[in-house]
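What the coordinates show
Okay, here's what each chain looks like letter by letter:
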Amino acid sequence: MTAADFLPERLTLPALREAAAGCRGCHLWQVGTQTVFGEGAAGASAVFVGEQPGDQEDRAGKPFVGPAGRVFDEALDAAGIDRTSVYVTNAVKHFKWQARGKRRIHQKPNWTEMTACRPWLEAELAVVKPRVLVLLGATAAQSLLGRQFRVTQHRGELLESDLAEAVTATVHPSSILRGEPSDREANLAAFVSDLTVVAKLL
Ligand code: URA
Ligand code: SF4
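This structure is a prediction, so every number in the text was calculated from the model and none was measured.

**Some words on the overall build of the protein**
Per the secondary structure count, the protein includes 8 helices and 7 strands. Relative to the compact-globule value of 17 Å for 202 residues, the protein shows a C-alpha radius of gyration of 16 Å, a close match. In terms of principal-axis extent, the alpha carbons of the protein reach across some 45 × 40 × 30 Å. Among the 202 residues that make up the protein, the fraction classed as buried is 49%. For the protein, the accessible area works out to roughly 10000 Å², and carbon and sulfur atoms hold 50% of it. Averaging the locations of the 23 positively and 23 negatively charged side chains of the protein gives two centres separated by 6 Å.

**Description of the pattern of salt bridges**
Using the criterion set out here, one finds 9 salt bridges in the structure. Between D58 and R104 there is a salt bridge, with the nearest N and O atoms lying 2.9 Å from each other. One end of the pair, D58, is in helix α2 (residues 55–60); the other, R104, is in strand β5 (residues 103–106), with 46 residues separating them in the sequence. R104 gets classed as buried once you look at its relative accessible area, which sits at 19%. Counted as one network, the salt bridges with shared partners bring together D55, D58, R59 and R104.

**Re the site of ligand 2**
The environment of ligand 2 is made up of C23, G25, C26, L28, W29, V92, H94, A116, C117 and W120. Per-class residue counts for the shell around ligand 2 are 8 nonpolar, 2 polar and no charged.

**Quick word on the environment of D5**
As for its position among the elements, D5 is in the segment before α1 (13–21). Note on D5: relative accessible area 53%, which makes it exposed. For the pair D5 and R24, spaced 19 residues apart in the sequence, the C-alpha separation amounts to 8.8 Å. There is a polar contact of 2.9 Å between the side chain of D5 and the backbone nitrogen of T2.

**Concerning the nonpolar core**
In globular proteins that are soluble, nonpolar side chains generally tend to be buried together. Ranked by internal contacts, the top residues of the largest apolar core, which has 34 residues, are V49, W120, L133 and L135. Sorting the residues of this core by element identifies α1, β2 (46–50), α4 (111–128), β6 (132–136), α5 (138–145) and β7 (166–170) as the ones contributing at least two each. A total of 8 residues in this core trace back to one element, the largest contributor, which is α4. If near-sequence neighbours (up to four positions away) are discounted, V49 is found in contact with T89, N90, A91, L121, L133, V134, L135, L136 and A140. Among the nonpolar cores identified, the runner-up in size contains 23 residues, and V86, L136, L195 and V198 belong to it.

What counts, and where the lines are drawn
Residues numbered from 1 in each chain as written. Chains lettered and ligands numbered in written order. Predicted model: local features only at pLDDT ≥ 70, side-chain atom pairs only at ≥ 80, totals over all residues. Heavy atoms only, no water. Helix = DSSP H or I, 4+ residues; strand = E, 2+ residues; numbered from the N terminus. Rg over C-alpha atoms; globule rule 2.2 N^0.38 Å. Buried < 20%, exposed > 50% of the residue type's maximum accessible area, 1.4 Å probe, protein only. Areas by Shrake-Rupley, 256 points an atom, 1.4 Å probe, with all protein chains shown as cover. Lys, Arg positive; Asp, Glu negative; His and termini not counted. Charge placed at Lys NZ, Arg CZ, Asp CG, Glu CD. Salt bridge = Lys/Arg side-chain N within 4 Å of Asp/Glu carboxyl O. Near = heavy atom within 4 Å. Nonpolar A, V, L, I, M, F, W, Y, C, P; charged D, E, K, R; others polar. Polar contact = N/O pair within 3.5 Å; in protein donor to acceptor, adjacent residues only side chain to side chain. Core = buried A, V, L, I, M, F, W, Y, C linked by side-chain atoms within 4.5 Å. Contact = heavy atoms within 4.5 Å.

Rendered as structure tokens:
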């Protein structure tokens, strides 16, 4: 079973969102609280894809509203991109976590889960038809470009792909939070620089 078994007949964002809420395309529907579908304008010229919802996204039902979302917002702002004019989603739409005391610790989705969930992302791209596609981190990039893709080697480049007129990959904003505090400023600047490439395409 994959998300493909739950796709609605008519592909519109409201129909997709409603159908995804009942998805049981992989075991993660029992792990996360709710499906966190993408959000943004149906006619957005850019789509940004993250990995999967985190703890706060899982509670809110919205993508990129927690700590990584704040880094993302800050970087978008610095690059001159208005978040309300783009569409933001994730490669996997349920939060995968493990308990550590009272905390819910993020666990990286595996290839089976990424593959099971990909039909939602493909449907979002088919409906929004963005001119520019931005893959945030290895999970999003590998889900759509193949497992051999390396963000570290190709970040900020315009990639050869049929997914959109312009496709690019960069780091995940949470990597800036996880990195050494002394590297934070430089890592954020490099992320903003990759997003400035995107801003020029819009
Ligand atoms: N990390 C992601 O990849 N996506 C979110 O929505 C939040 C954190
Ligand atoms: Fe469906 Fe994706 Fe959630 Fe798995 S992670 S149940 S495929 S929405």
